[in-house]
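A look at the structure
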Amino acid sequence: MAKLYPYIFSNDARKQAEFYVHALKGEIINVQTYSDAPNAAAEEIKDKVMHLVFQVAGIHFFMADSVMEPVQSGNQMDLTLEFETEEAARNAFENLSNEGNVLMPFEKMFWGSMFGRLEDSFGVRWQITTKMDN
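Since we're looking at a predicted model, the values are computed, not measured.

Cut-offs and rules
Residues numbered from 1 in each chain as written. Predicted model: local features only at pLDDT ≥ 70, side-chain atom pairs only at ≥ 80, totals over all residues. Heavy atoms only, no water. Patch = residues over 30% accessible without salt bridge, like charges linked within 9 Å, V, L, I, M, F, W, Y side chains within 5 Å. Areas by Shrake-Rupley, 256 points an atom, 1.4 Å probe, with all protein chains shown as cover. Salt bridge = Lys/Arg side-chain N within 4 Å of Asp/Glu carboxyl O. Helix = DSSP H or I, 4+ residues; strand = E, 2+ residues; numbered from the N terminus. Expected span 1.5 Å × (residues − 1). Pairing = 2+ DSSP bridges. Axes fitted to C-alpha atoms, helices over the stretch in contact; angles between N-to-C directions. Contact = heavy atoms within 4.5 Å. Buried < 20%, exposed > 50% of the residue type's maximum accessible area, 1.4 Å probe, protein only.

**Let's talk about a nonpolar patch on the surface**
Together, Phe110, Trp111 and Met132 give the surface a local cluster of nonpolar side chains, amounting to about 390 Å² of exposed area. Position of Phe110 among the secondary structure elements: in the loop between β6 (101-108) and β7 (114-119).

Right under this line is the structure:
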């Protein structure tokens, strides 16, 4: 069995992780900087995040500061979070869309669940949904 971990590269991993932890009521589990590596890192990156782990909604996410190339946002992938209740999903949608861009409003869909799509203020696209009504 394998596990999938979303790994997000960022211009400021600490700030972005703190936003997600606040928006989704999670916690930062671990932060390692390049100064923690066994071989001394270059002075200009020693305080950059080499690996950060945070947890929200029972899911572990990994993050790092991009030090080799600039971060480029794209539309090739969305992160989808499914919630048990409409209230929890709506709260996550509203918090993540703060200073971001709503791509599809959070509303009841023809397939039976609540659904919304957004791009957060860091350029990451999210789909927020509830379990389908049975």
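**Some remarks on helix α1 (residues 13-24)**
Side chains that are three or four residues apart share a direction in an α-helix, a result of its 3.6 residues per turn. With 12 residues, α1 ought to run about 16 Å at 1.5 Å a step, and its terminal C-alpha atoms sit 16 Å apart, in line with that. Following α1 by one or two positions, Lys25 adopts a phi angle in the positive range, close to 55°.

**Structural notes on the sheet that holds β6**
The strand order across the open sheet built from four strands is β5-β8-β7-β6, with neighbouring strands paired in mixed fashion. Each edge of the open sheet is held by one strand with a lone partner, namely β5 (79-83) and β6. Recorded for the sheet is a direction-independent mean angle of 10° between the axes of neighbouring strands. In this sheet, strand β8 (residues 125-130) lies alongside β7 in antiparallel orientation, the contact comprising five bridges. In the strand pairing of β8, Gly116 is matched with Ile128.

**Some thoughts on the sheet that holds strand β3 (residues 49-56)**
Pairing within the open sheet is mixed, and its four strands lie in the order β1-β4-β3-β2. In this open sheet, the two edge strands, each paired with only one partner strand, are β1 (7-10) and β2 (27-33). Strand after strand, the sheet turns through a mean of 20° between neighbouring axes, direction not considered. Inspection of the sheet shows β2 paired to β3 by six bridges, in the antiparallel sense. Bridge pairing in β3 links Gln32 to His51. Where α1 meets the sheet, it contacts β1, β2, β3 and β4 (59-65), and its direction lies at approximately 5° from that of β3.

**Observations regarding the pattern of salt bridges**
Under the definition given, this model contains six salt bridges. Arg117 is paired through a salt bridge with Asp78; the nearest N and O atoms lie 2.5 Å apart. Taken together, the residues Arg117 in strand β7 and Asp78 in the loop between β4 and β5 connect sequence positions 39 residues apart. On the accessibility criterion, Arg117 (21% relative accessible area) is partly exposed. Of the residues examined, Asp78 reaches a relative accessible area of 17% and is grouped as buried. Glu119 serves as the salt-bridge partner of Arg125, at 3.0 Å between the closest nitrogen and oxygen. Relative accessible area serves as the criterion here: at 21%, Glu119 is assigned to the partly exposed category.

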